[in-house]
Amino acid sequence: MKPVRITRVSVVSALTAATALVAPSVAAAETTITVATHYNQEQMGPLLACFDQYTAENPDIKIEFQQAAYGDFLQTILTSRVGGTSPDIYNIYSVWAPQLADAGTLDEPSDEMKDWIRANYGEGSVGAATINGTLWGIPTELSVYQLFYNKKMLAEAGYDAPPATWAELKEIAAAITTKNDQGVIERAGYVYGPSVANAVHVYYSQMYAAGVPPYSEDFRSTNFTTPESIEIVRRMGELFAEGITSNTNITDDFAGGSAAMMIAANWNKAELQSVYGDEFEATVGIAPIPNDGGDPGTMLYSFLWAVDSTSDAKEESWALLKWLNEAQGDASLSCTGEMLNDLGALSGNLADLASMDTDDSFTKPFVAAIESGAAKSQPNIWAASENDRTLRGYIEQVWAGNMTAEEAMAAADAEVTAVLSEQD
Amino acid sequence: MAIVKDRSNWSKLGTVLKYTLLTIGAFVMLAPFADMFLGALRTPAERISQPPVYFPRDPQWGNYLRVFTELPMLRWMGNSLFVTAMVTALQLLTSAMAGYALAKYNFRGRDILFRSVLGAQMFPFFLFIIPIFFILRYFPLFGGNDILGQGGSGFLNTYAAIILPFSITWYGIFLMRQFFMAVPNELMDAARLDGAGEFRIFFSIALPLVLPGLATLGIFVFVYQWNEVIWTMTVTRTAPDLQTIPVGIYLLRGAFIDQSTRSLQQAALGVSILPVIVTFLFLQRYYVRGLTAGAVKG
Amino acid sequence: MTDTSPTASEQMLSAAREDLIDQEPPRRSLAARLSSKAVAPWIFITPMLLFGAVFFILPLLYAFFISLTRWNSLSAPKWVGFKHYEYLLTTDPVFWQTFWNTMYFAAASIGIGVPLAMVLAYAFTRSKGRTVWRSIYWLPMITNVVAVAYIWKFVLDDRYGLLNRALGFLGLGAPGWLTDPNLALTSVVLIFVWMQLGHNMLLFSAGLASIDESYYEAARLDGANERQCFFRITVPLLMPTTLFVLITNFISGLSYFTLMLVLTDGNGGPLRSTTVTALYMYKMAFEDLRMGRASAVAYLLFAVILVITLI
């Protein structure tokens, strides 16, 4: 009879366990605020310390931190929203905001909160957090694109100044590129990367540098097929066709010392600093995006703190956010500012930006681009992440030599315009 | 005699060829694993240097321990174990019950049901991802939902969301039916004459006789469920507390971007496959039976 | 059989009965009736019917309904009829690209994997130390796909991966296994074959075991060599197993996408070259929240699989 008993026990235990499963995973004895960001545990360090301080001062509040990889972040918010299990606060990329706001995902800040934001943040960053006149959150990290170049590699190849035009860039890059015995590029003169932004943000930056915004003013059509746009994409393809770069050589290689130039955003500072140490300023140079003469131009994007509209603790969440974005006690930086400073990032918060260490040769050009207005805010278009992915797909076709720039940009224009016209 | 000699030369050549082939194959099977285990032992400096050092000079065995202190490895492992155990138990129960009914009773609609079970195996899992996600989300009266399925989050963010969709398998029902078919009817009829009820007969006579069948299905389900990624990832994306080992490692990839943490990632992957290897080494003969039972049908 | 304590299920049933039924029918008779030959099978298949209804039939109908709407799952669905199917089949260039990727993946993985598994299984069944060989060849099959993907990401790295280092050592070139759009899907196929090899070998060795040894003995007496034995006896007699392996592999290949998702960080790149239809569906649903169109993709792919299975 022994096997029988075992079976009986397992049946009963299976049934009990099945009922126990349904119990919710989090007990809500006090107010729990869940904060989701794409920053990892280490990058979040200063903010996590602030959470502890805040919960010590407000014992009825509990704060939980949720991290998702940047590539998964929008999907995580949307899935949790669809599943009715949203975090209370999330730090989102500004171009996601139209879709989230349209779906009723974001909680509109109170008028008092909006006034506070407008008074304390720069115009450009407030603009990035605004959709059709409504301000949806507190701007945080500002990222600006510029040309990064390895001063030592350029000097070694006999160039003491960064390229000002694309023709110069190509010449310098070609001189620096080396290949191994197998024909794989070992040191690339110029690099792109595997992420959507590695192609699309670079393209947008070059568009602004050429003086043509990538989208029409009402965000319902594109300027992809303008001569400037086609020229930009054609030149990208040239770098691949002439063996100056390849899919193997990516933006990470710049820190790895095997790439000489890239168009990238200032948030790379922290990693480059840790890699190059004392040699940082002597190695990494920043220059405006090469164009064919004319005024400098580039792109900036912003992240923002937003509160979920289904949160049970909206008021508490906004209160926490305000606290996190104001300098506490005799600190010169707010909690958010301190985290951004450690990351080498720029803040939209004017007080924070003023207290940040921005005098080094790396940071100055970025701040200058913000202050002069050369850096234009990335347009908050409809279904931005989907459209950017489409655009990256067609740019890649040119890299691979499967399509000419004209063909690719015409196809991208058709597909993106179709999606843009879905908004009512 | 010359012919015989020639033949034995041929077969010697065949033997050499055979073992050469198997050895090359085995190398291709194992080398990638070795690459990972070596990778987990490298220092960040060895990874950054140009070109990177392949054989670590100072093996970082500590990386395999760091996996437990710096990552929620124990939590993931607990989740993996719990989910896998629950799914295995549920599937064994539902498959045994249904397989038994289909094998040992004559009732109206049995043949149609059995044919449906065979046919249902043709429906691939991807077809169910979207609808089941929303069925769990809007399941009435659970997880704060009202009778219309509104208001709460249903089964999402609970273990039930990971487990319930795997509560039955058509293949398991088919497999258990095959095993029950082999149980002689006389045994059960004798028990009926003794006045035993049908449930008593099932639990105390039929089930013990198909224990090998249960073991076969059990190991099958165990391996499948321990390695399941797509569904678990879909429903636990926002619930880190519920993630299993492979899903946890994949979704945490944002933390493994710099060279100092790559070794940690490789060590974590190594740890993730150990429990299955151990289970498998002990129970592999049952696995053979499950696979071949399916093949005989074809 | 003298144990008189009621089984767990009887306890549950009698408890349930007390709630439901008036005192009229005597206790024993109801328990007896439920446990009679006429009623018991229905109780045995109840879990199957219940779960089958909720997690099989309902989802199929629900998915079909969703596929006829435009729905982002955050606001109410909008009825569009068969528009998504029309769009996918006539307008969407990506759908057809992913469809051919899918066909290539499934066909190439059986084209490479099945003969390889057959030959290795043949060698395996006629060798010593089978437990050891088996454990080695099964290792990839029981490894989770996340580990498989990352293991190969490191091995196939263009510059510093194990494979290209080995090729460089031999003086050969270094293909961009996962970065060259013309090669990436083939690399995925090779990884998949690697994963599945143990599984297929196992099926073949079971098939081989069922071939009577007397055939070989007779052939050897007639002077046949190993190669002739393989092609004249093994291959034809193994036909049923081969067919089974071919069909099941092809069908599972058509619906597979986990490896591509994990290997490419969910991109399906480079250049969508590794985006198979099922991955296209998954991304469409959970990244772009196009639940309607994604459901239509799922049904179209299923239709293809169904047609192939029936043939």
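Residues numbered from 1 in each chain as written. Chains lettered and ligands numbered in written order. Predicted model: local features only at pLDDT ≥ 70, side-chain atom pairs only at ≥ 80, totals over all residues.

### Some details on the overall build of chain A
So, step 1. The helix and strand inventory of chain A stands at 19 helices and 13 strands.
So, step 2. Among the 424 residues that make up chain A, the fraction classed as buried is 50%.
So, step 3. For chain A, restricting intrachain contacts to residue pairs at least 6 apart in sequence, the fraction spanning at least 24 positions comes to 73%. (Helix = DSSP H or I, 4+ residues; strand = E, 2+ residues; numbered from the N terminus. Buried ≥ 20, exposed ≤ 12 C-beta atoms within 10 Å, placed from the backbone. Contact = placed C-beta atoms within 7 Å.)

### Digging into the packing of helix H9 (residues 184-209) of chain C against helix H12 (residues 239-255) of chain C
Residue and element names in this part refer to chain C.
So, step 1. Relative orientation of the contacting elements H9 and H12 amounts to 160°, with a least axis distance of 9 Å. In this view, H9 runs roughly antiparallel relative to H12, as classed from their interaxial angle. Considering only the axes of H9 and H12, their crossing is right-handed. Here Asn-200, Leu-203, Phe-204 and Gly-207 of H9 lie close against H12, whose contacting residues are Thr-241, Val-245 and Asn-249.
So, step 2. Of the residues assigned to the contact of H9 with H12, the class counts are three nonpolar, four polar and no charged. (Axes fitted to C-alpha atoms, helices over the stretch in contact; angles between N-to-C directions. Parallel < 35°, antiparallel > 145°, perpendicular 65-115°, else oblique. Left-handed = near helix turned anticlockwise from the far one by under 90°. Nonpolar A, V, L, I, M, F, W, Y, C, P; charged D, E, K, R; others polar.)

### Some remarks on the pairing of strand E1 (residues 31-37) of chain A
Residues and elements named next belong to chain A.
So, step 1. Summarising burial for E1: five of the seven residues are buried, a large majority.
So, step 2. Here E1 runs beside strand E2 (residues 61-67); their pairing, made up of seven bridges, is parallel. Each residue of the ladder has a partner; that of Thr-31, found in E2, is Ile-61.
So, step 3. As a crossover connection, the stretch from E1 through helix H2 (residues 45-57) into E2 is right-handed.
So, step 4. Note that E1 and strand E3 (residues 89-93) share two bridges and pair parallel. Along E3, the bridge assignment pairs Val-35 with Ile-89. (Pairing = 2+ DSSP bridges. Right-handed = clockwise from strand over helix to strand, strands pointing away.)

### Thoughts on the interface of chain B and chain C
So, step 1. In this complex, chain B contributes 75 residues to the contact, which on the side of chain C involves 76 residues.
So, step 2. Considering each element in turn, the side of chain B that touches chain C owes the most residues, 19 residues, to helix H1 (residues 2-39) of chain B.
So, step 3. Of the residues assigned to the side of chain B that touches chain C, the class counts are 55 nonpolar, 14 polar and six charged.

### Examining the UniProt feature "transmembrane region" (unreviewed entry) in chain B
So, step 1. Residues annotated in UniProt with the feature "transmembrane region" (unreviewed entry) correspond here to residues 21-41, 81-103, 112-139, 159-180, 201-224 and 264-283 of chain B.
So, step 2. Split by type, residues 159-180 of chain B is 73% helix and 0% strand. Its first and last C-alpha atoms lie 32 Å apart. (UniProt positions renumbered as here; feature names shortened; annotations may be inferred.)

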